[in-house]
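Next come the chains, spelled out residue by residue.
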Amino acid sequence: MARLAIVGGTGLSQYPELQRVDNAALDTPYGAPSAAALIGRLGGHEVVFLPRHGEGHTLPPHRINYRANLWCLQQLGVKKILAVNAVGGIHPAMGPGHLCIPDQIIDYTYGREHTFADGTAKTVQHIDFSYPYDPVARQILIRQLTALQMPYSDFGVYGCTQGPRLESAAEIRRLAADGCDLVGMTGMPEAALARELEIDYVSICMVVNWAAGIEAAPIDMADLMRTLENCTREVKRLIAAVAGA
Ligand code: HPA
C-alpha cells in the first residue's frame, strides 16, 4: 500500500492507538507544520499522523499552515491522505452521529494561503479539481463502512467556511441553496493542496451537530462534544479496518 497519512481534525489531535516508530519535526519552505508528524504502526502498516490543529488543538482553522502540513507529508513519502473532518449536517439524512464520505467541495474561505502555484514557478499552473476526492480511496472507505455496518452516506457536498465561529442560520440556508450537504472549516485549501502535490486525498466527515438554524434551538456545545467523542471512536475503528485491509 502507498504510504498513508491520517490528518486528524477536531477530536483527533492525538492518536494513542498508533504504536510510535518515530517523530518527524520538519521545517518547510512555507514554515512549520501544525505539529511534528508521528510515524506509527496501525494494523501492521506504517502510517503517518498529523493533527492539523496541533497536538493540543490550539490552531484555529484559518491559522493552520496547510501548505507546510502538505509539504511535510510529501517529504515523508506520503501518497494517500485520509483526512478526518468534524462537520455540521445540512442534508436531512446527515444528522449528528452520521459519517459521510463527501464527493464534492465548495470553498467559501478567504485569506488562506491556498496554493503552491503562487507565481514562483516558470509557468502558471492550473490543476484539475473537477472531482476533489480520490475515487479509489472513497470506495475503500465505503466498502469498510458497509462491512462495519456504520451509518454513512457515500455522497455529500462539503461547504468550507472560514470560521472559527459557526455560521448564521441565513448562511446555512444559502449553503443549502448552493447544494451543500455538510459544513466545515478545514476541508480547504487542504484538498486542493494535496491535488497540487499529486497526493490522493479523501475525507471522512463526522457530523457532530445540525448546522445553524436547522433546529430551532442554538447549537449546544456540550451535545456537540459528546457526539464528537462517539464519532471519533467510530472513525478510529474505520481507520483501523482500512489500515489492516
Ligand atoms: N459549521 C462549521 N464547522 C463545523 C460545524 C458547523 O456547524 N460543526 C463542526 N464543524
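- If you look the protein up in an unreviewed UniProt entry, it shows as Probable S-methyl-5'-thioinosine phosphorylase from Exilibacterium tricleocarpae.
- Quoted verbatim from the Catalytic activity (unreviewed entry) heading of the UniProt record, the comment on the protein is "S-methyl-5'-thioinosine + phosphate = 5-(methylsulfanyl)-alpha-D-ribose 1-phosphate + hypoxanthine".
- One UniProt comment on the protein, placed under Sequence similarities (unreviewed entry), says "Belongs to the PNP/MTAP phosphorylase family. MTAP subfamily."

## Digging into the nonpolar core
Nonpolar side chains in soluble globular proteins tend to be buried together.
Point 1. Ranked by internal contacts, the top residues of the largest apolar core, which has 69 residues, are A5, I81, L182, I204, C205 and M206.
Point 2. For L182, the contacting residues outside a window of four places in its chain are V87, G88, G89, I90, M94, C100, P102, G156, Y158, G159, C205 and V207.

## Quick look at the UniProt feature "binding site: substrate" (unreviewed entry) in the protein
Point 1. As recorded in UniProt, the sites labelled "binding site: substrate" (unreviewed entry) are M185, N209, W210 and A211.
Point 2. Apart from residues lying up to four places away in sequence, M185 is in contact with P61, C160, T161, Q162, G163 and P164.
Point 3. Positionally, N209 belongs in strand β11 (residues 200-210).
Point 4. Accessibility expressed as a C-beta count within 10 Å gives 23 for N209, which makes it buried.
Point 5. The contact partners of N209, leaving out residues within four places of it in the chain, are G88, P96, I219, L224 and T227.

## A look at helix α1 (residues 66-75)
Since the α-helix advances by 3.6 residues per turn, residues separated by three or four positions end up pointing in the same direction.
Point 1. Counted residue by residue, α1 has nine buried out of ten residues, so it is predominantly covered.
Point 2. Of all the residues in α1, the buried ones are Y66, R67, A68, N69, L70, W71, C72, L73 and Q74.
Point 3. Those residues of α1 hidden inside the fold are in contact with β1 (4-8), β3 (37-42), β4 (45-51), β5 (80-89) and α4 (190-196).
Point 4. Two residues or fewer after α1 comes G77, characterised by a positive phi angle close to 80°.

## Description of the pairing of β11
Regular strands have side chains that alternate between both faces of the sheet.
Point 1. Among the eleven residues in β11, ten count as buried, and that is most of the element.
Point 2. Note: β5 against β11, ten bridges, orientation parallel. If you follow G89 over to β11, its bridge partner there is W210.

Calculation rules
- Every residue gets a number counted from 1 within its own chain, in the order that chain's sequence is written.
- Reporting in this predicted model follows two pLDDT cut-offs: at least 70 for local features of residues, and 80 or more for side-chain atom pairs to be given and counted; totals over whole chains, interfaces and linings ignore these cut-offs and use all residues.
- UniProt positions are given in the numbering used here, feature names are shortened, and annotations may be inferred rather than shown by experiment.
- For this entry, the nonpolar core is defined as buried Ala, Val, Leu, Ile, Met, Phe, Trp, Tyr and Cys residues connected by C-beta atoms within 7 Å.
- Remark: C-beta atoms are placed from the backbone, and a residue is labelled buried if 20 or more other C-beta atoms sit within 10 Å of its own, exposed if 12 or fewer do, or partly exposed between those counts.
- By the criterion used throughout, residues are in contact when their C-beta atoms, derived from the backbone, lie within 7 Å.
- Here a strand is any run of E in DSSP of at least two residues, a helix any run of H or I of at least four, and the numbering for each starts at the N terminus.
- One requirement defines pairing of two strands: DSSP has to find at least two bridges between them.

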